[in-house]
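One-letter residues, chain by chain:
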Amino acid sequence: MPEWFTTLFTLAAGLGCGIGASWPWSQKLCSMHWKSVTVSHCWLLFCLLGAVKTVPIDKIKVNQVEEPVEQATFESPDTGLYYDRYLREVIDVLETDQHFRDNLQTANIEDIKSGKLAKELNLVSHLVRTKLDELKRQEVSRLRMLIKAKIDAQQGKDAGIDHHALLKQFEHLNHQNPHSFEPEDLELLIKTATSDLENYDQERHEEFKQYEMLKEHERREYLKTLDEERRKQEEARFDELKKKHQDHPKVNHPGSKDQLKEVWEETDGLDPEDFDPKTFFKLHDSNGDGFLDEQEMEALFTKELEKMYDPNNEEDDMVEMEEERLRMREHVMKEIDSNKDRLISLDEFLHATEKKEFVNAENWETLGEQELYSEDELQQFEKRLTQQEHELKMKSDDLLKQREELQQQHDQLQAQKLEFQQAVQQLEQQKQVQHVQPPAGSNGELQFRQETGQPGPPGKVEAPPPGHDQTQTLHQPAAPEQDQPHQ
């Protein structure tokens, strides 16, 4: 059998199923003894190859033909800053400028934090600057509305507001120029966001500590309301729940090989024996930007947290779970993030996997194994709480007093309103009496009454006495009737 025909047959055997001859079964097929192939089979194959000869197969072109895949859009998580939306919108607009985006990607992290990158704003397009101006005006307007709402709530709607002075408390923009976005605005925004994000975790820790002390304070106050027997039962129940919460599987050290391999196996569904740090990094870089940010890192700890917390269990507090997640992320960032940019690059990640601690990590100390606050701190907290309750009670009493005074004023105004309505009604009645017309006859002529009070016959008017001026009588108002003395 000719060599070229054998080659074509081998190619056809591989391409027939679209996988080439690299698969084991295809190689086995190609290595079969050619004498087992009959002449008729070869002739049929030759005819089929001749029929498709006009459509050459270009291996390079086949590899290049790929269906377009829509890139999934990932929304950045909320930073927790009160100007988070403004920060996002400014970044989105700046990234539409190619020159600024290129400089941002090549900039040093220290240059970004220090605000040196803000000088590049002078080189962006006019359209970008116009959009940034509009964003700043909207942000200033929003801050003014917040200020007004706060002042109205504290001092009333008639209180005067000095927006220019109050805007000084917001450090993420230049309040002296509320109309245009300048390099100084970008520098202030970067510096303020960097500082606030660095303090954000510490503020969350402090809030959690306050939360735990408040829980203990309320528990102790509740025990004071119980008798001795019920108090003992409640304390025993509390100890049982606490012991039940601490009874959980072993928690792997965050960022250790055991912890990542568990994610690799249970979350990614891959063989733990095939664990590869580089592949793991790319699998969990959700937005494909080449970094693991803080939220992507926190997602890696879900399996560990599920060992300790279940929302259906009474003994498990989900607020504590989020604090535990924050502690894990902070620990990993401290160990791996060498340049402190709050992002983990592939090089930093791979370098961490080469350390001895990555394989032989210490046991992780959970929240339940730590003392979150001392007894002195709890007592100080209770004193502040008592003081705050006293101040709130005074404000409440003051508001009740003001309410009573307002109610009295309202009642007085209602009484005055009623008196006024009655006076108006009496005036209307008097006007109606004064406008009453004298009676008229059947033909519309005036009908006068006699002195006796009896009306005269219709159509007949009595003659006035001698010497009486009839014209003067007709034009003068009628005198009131008086009783005549009897003759």
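Every value quoted in this text rests on a predicted model; they were computed, and no experiment measured them. (Residues numbered from 1 in each chain as written. Predicted model: local features only at pLDDT ≥ 70, side-chain atom pairs only at ≥ 80, totals over all residues. Heavy atoms only, no water.)

## Notes on the overall build of the protein chain
At step 1: In terms of regular secondary structure, the protein chain is built from 20 helices and 2 strands.
At step 2: Sequence separation of 24 or more characterises 63% of the internal contacts of the protein chain that already satisfy a separation of 6 or more.
At step 3: Of the roughly 35,800 Å² of accessible surface on the protein chain, a fraction of 52% belongs to carbon and sulfur atoms. (Helix = DSSP H or I, 4+ residues; strand = E, 2+ residues; numbered from the N terminus. Contact = heavy atoms within 4.5 Å. Areas by Shrake-Rupley, 256 points an atom, 1.4 Å probe, with all protein chains shown as cover.)

## Some points on empty space enclosed by the protein
At step 1: Within the structure shown, the criterion is met by 1 cavity of 30 Å³ or more.
At step 2: Around the largest cavity, the lining residues are Gly-255, Gln-259, Leu-260, Met-297, Leu-300, Phe-301, Val-332, Ile-336 and Phe-349.
At step 3: When residues of the lining of the largest cavity are traced back to their parent elements, those giving at least two are helix H12 (257-267) and helix H16 (318-336). (1 Å grid on protein atoms, 1.4 Å probe; cavity = no way out; pocket = protein on both sides within 12 Å on 5 of 7 lines; lining within 4 Å. Points joined across faces, edges and corners; volume = space filled by probe spheres on them.)

## So, the side chain of Asp-293
At step 1: Within the secondary structure layout, Asp-293 lies in the loop between strand S1 (291-292) and helix H14 (294-299).
At step 2: Arg-329 is the oppositely charged side chain nearest to the buried, salt-bridge-free Asp-293, at an N-O distance of 8.6 Å.
At step 3: Within the structure, the side chain of Asp-293 is placed 2.7 Å from the backbone nitrogen of Glu-296, a separation counted as a polar contact.
At step 4: Residue contacts for Asp-293: discarding those within four places in its chain leaves Asn-287, Met-333, Arg-342 and Leu-343. (Buried < 20%, exposed > 50% of the residue type's maximum accessible area, 1.4 Å probe, protein only. Lys, Arg positive; Asp, Glu negative; His and termini not counted. Salt bridge = Lys/Arg side-chain N within 4 Å of Asp/Glu carboxyl O. Polar contact = N/O pair within 3.5 Å; in protein donor to acceptor, adjacent residues only side chain to side chain.)

## As for the environment of Pro-183
At step 1: Its place among the elements puts Pro-183 in helix H10 (residues 183-224).
At step 2: Setting aside chain neighbours within four positions, we find Pro-183 in contact with Ala-118, Leu-121, Asn-122 and Arg-129.

## Quick look at the nonpolar core
Considering soluble globular proteins, one finds that nonpolar side chains tend to be buried as a cluster.
At step 1: Counting 26 residues, the largest nonpolar core has Leu-260, Phe-280, Met-297, Leu-300, Met-328, Ile-344 and Phe-349 as the members making the most contacts within it.
At step 2: Elements with a minimum of two residues in this core: H12, helix H13 (277-284), helix H15 (302-308), H16 and helix H17 (346-353).
At step 3: Sort the elements by how many residues they give to this core and H16 lands first, with 5 residues.
At step 4: In this structure Phe-280 touches Leu-260, Val-263, Trp-264, Asp-268, Phe-275, Leu-300 and Phe-349, once residues within four positions along its chain are discounted.
At step 5: Core analysis: the next-biggest nonpolar cluster, separate from the first, contains 20 residues, Tyr-83, Leu-135, Leu-189 and Ile-190 among them. (Core = buried A, V, L, I, M, F, W, Y, C linked by side-chain atoms within 4.5 Å.)

## Concerning the confidence of the model for the protein chain
At step 1: Per-residue confidence for the protein chain averages 77 on the pLDDT scale, and 69% of its residues sit at or above 70.
At step 2: Summarising per-element confidence for the protein chain, the mean pLDDT is lowest in helix H2 (residues 24-30) (37) and highest in H13 (95).
At step 3: Low confidence marks residues 1-74, where pLDDT is under 50. Its contacts with residues over four positions away, or in another chain, come to 33 contacts.
At step 4: Predicted confidence for residues 470-476 stays below pLDDT 50, and this span has 1 contact to residues more than four positions away or in other chains. (pLDDT = per-residue confidence, 0-100.)

## A look at the pattern of salt bridges
Opposite charge on two side chains allows them to pair when their charged atoms are near.
At step 1: Overall, the coordinates contain 30 salt bridges when judged by the stated rule.
At step 2: Salt-bridge contacts for Glu-187 lead to Lys-191; the nearest nitrogen and oxygen are separated by 3.0 Å. Within this pair, Glu-187 and its partner Lys-191 are both found in helix H10, separated by 4 residues, close to a single helical turn.
At step 3: Ionic contacts of the salt-bridge type, sharing partners, join the residues Asp-201, Glu-294, Glu-298, Arg-329 and Arg-342 into one network.

## Description of the packing of aromatic side chains
At step 1: For the coordinates displayed, the defined rule picks out 7 aromatic pairs.
At step 2: Plain terms: the ring middles of Tyr-82 and Tyr-83 are 4.9 Å apart, the flat faces sit at 85° to each other, and that makes the pair edge-to-face.
At step 3: Overall, Tyr-82 belongs to the partly exposed group, its relative accessible area being 43%.
At step 4: Of the residues examined, Tyr-83 reaches a relative accessible area of 1% and is grouped as buried.
At step 5: Taking 6.1 Å as the distance between ring centres and 5° as the angle between the ring planes, the aromatic pair formed by Phe-280 and Phe-349 counts as stacked. Of this pair, Phe-280 sits in helix H13 while Phe-349 sits in helix H17, and the two are 69 residues apart along the sequence.
At step 6: Counting every residue linked through ring pairs, the aromatic cluster contains Trp-264, Phe-275, Phe-280, Phe-281 and Phe-349.
At step 7: A cation over a ring is seen here: Arg-219 above Phe-238, with NZ or CZ 4.2 Å from the ring centre. (Phe/Tyr/Trp six-rings, centres within 6.5 Å; stacked < 30°, edge-to-face > 60°. Lys NZ or Arg CZ within 6 Å of the ring centre and 35° of its normal.)

## Some words on the packing of helix H5 (residues 84-94) against H10
At step 1: Taken N-terminus to C-terminus, the directions of H5 and H10 make an angle of 125°; their axes are 12 Å apart at the nearest point. By the angle between their directions, the pair H5 and H10 is classed as oblique. Our pair here, H5 against H10, has a crossing hand that is left-handed. Residue-level contacts link Tyr-86, Leu-87, Val-90 and Leu-94 of H5 to Leu-186, Leu-189 and Ala-193 of H10.
At step 2: Residue classes in the contact of H5 with H10 are distributed as 7 nonpolar, no polar and no charged. (Axes fitted to C-alpha atoms, helices over the stretch in contact; angles between N-to-C directions. Parallel < 35°, antiparallel > 145°, perpendicular 65-115°, else oblique. Left-handed = near helix turned anticlockwise from the far one by under 90°. Nonpolar A, V, L, I, M, F, W, Y, C, P; charged D, E, K, R; others polar.)

## Digging into a negative patch on the surface
At step 1: Side chains of Glu-265, Asp-271, Glu-273 and Asp-274 sit close together on the surface and give a patch of like negative charge.
At step 2: Along the polypeptide, Glu-265 turns up in helix H12. (Patch = residues over 30% accessible without salt bridge, like charges linked within 9 Å, V, L, I, M, F, W, Y side chains within 5 Å. Charge placed at Lys NZ, Arg CZ, Asp CG, Glu CD.)

## With respect to H17
At step 1: The set of residues buried in H17 consists of Glu-348, Phe-349, Ala-352 and Thr-353. An end-on view of H17 places all buried positions within 135° of arc, on one side of the element. (Arc of directions from axis to C-beta.)

## With respect to unusual backbone geometry
At step 1: Positive phi, close to 55°, is recorded for Lys-340, a residue that is not glycine.
At step 2: Along the chain, the position of Lys-340 falls in the loop between H16 and strand S2 (344-345).
At step 3: We classify Lys-340 as partly exposed; its relative accessible area is 45%.
At step 4: If you check the backbone angles, Arg-342 has positive phi at about 65° while not being a glycine.

## Things to note about the packing of H10 against helix H11 (residues 228-246)
At step 1: Contact geometry of H10 with H11 gives a least axis separation of 9 Å together with a crossing angle of 155°. Regarding the angle of H10 to H11, the classification is roughly antiparallel. Contacts between H10 and H11 involve Arg-219, Tyr-222, Leu-223 and Lys-224 from the former and Arg-230, Arg-231, Glu-234, Glu-235 and Phe-238 from the latter.
At step 2: When grouped by side-chain class, the residues that make up the contact of H10 with H11 number 3 nonpolar, no polar and 6 charged.

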